[in-house]
Amino acid sequence: MEQSEVLKRVIGILTEAGEMQRQAEEDTGSGDLDAGGSMVTTLLNETMPHIAIPADASVEEMAVLVGREVGGAVEQLVGAFTLAFIALAQIHDSGQQDVSSTDVLQDLALRAEELSSDDEGPEGSEGSS
């Protein structure tokens, strides 16, 4: 999964969590408390690689294989959550009261979309020169 897609999914999780919190504060009871967990589970299932471990692999070989295969996916997830946290923290720390967390996450999602568009780039449609 591309980093921009992981970031957009993380933003979705954070946005849903914020909405669930607002509903809980309003005591509407209409929020699905399991929604956040299922979104995280789905993201993990989509980002974590499937690993084939040879039957004769030693514990050390298994650890190296799992570490190598899972490490990149974990780095993507941590990077996306870190970027979202930093964006939210910067607005909070600046004291800007006219910008909500939803605004920050929406802006970050738009920037992630721009990054994914830039990754596809014009070379896909124009060819090499």
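Scroll up to find the structure this text is about.
Residues numbered from 1 in each chain as written. Predicted model: local features only at pLDDT ≥ 70, side-chain atom pairs only at ≥ 80, totals over all residues. Heavy atoms only, no water.

(A) A look at the packing of helix H1 (residues 3-26) against helix H3 (residues 59-94). Close contact between H1 and H3 brings their axes to 9 Å; oriented N to C, the two are set at 55°. Classified by the interaxial angle, the pair formed by H1 and H3 is oblique. Judged by the twist between their axes, the crossing of H1 over H3 is right-handed. Residues Gln3, Val6, Leu7, Val10 and Leu14 of H1 pack against Gln76, Leu77, Gly79, Ala80, Phe81, Leu83 and Ala84 of H3. For the contact of H1 with H3, the per-class residue count stands at 9 nonpolar, 3 polar and no charged. (Axes fitted to C-alpha atoms, helices over the stretch in contact; angles between N-to-C directions. Helix = DSSP H or I, 4+ residues; strand = E, 2+ residues; numbered from the N terminus. Parallel < 35°, antiparallel > 145°, perpendicular 65-115°, else oblique. Left-handed = near helix turned anticlockwise from the far one by under 90°. Contact = heavy atoms within 4.5 Å. Nonpolar A, V, L, I, M, F, W, Y, C, P; charged D, E, K, R; others polar.)

(B) Main features of H1. In this model, H1 (24 residues) spans 35 Å end to end at C-alpha, consistent with the 34 Å of a helix rising 1.5 Å per residue. Turning to H1, its buried residues are Ser4, Val6, Leu7, Val10, Ile11, Ile13, Met20 and Gln23. At the exit of H1 stands Asp27, carrying a positive phi of roughly 55°. (Expected span 1.5 Å × (residues − 1). Buried < 20%, exposed > 50% of the residue type's maximum accessible area, 1.4 Å probe, protein only.)

(C) Representation of the side chain of Gln76. Position of Gln76 among the secondary structure elements: in helix H3. Polar side-chain contacts of Gln76 include one of 2.7 Å to the backbone oxygen of Met1. Other than its neighbours up to four places away in sequence, Gln76 contacts Met1, Glu2, Gln3 and Val6. (Polar contact = N/O pair within 3.5 Å; in protein donor to acceptor, adjacent residues only side chain to side chain.)

(D) Structural view of the side chain of Ser4. Relative to the assigned elements, Ser4 resides in helix H1. In this structure Ser4 comes out as buried when scored by relative accessible area, which is 7%.

So yeah, pure geometry; function would need other evidence.
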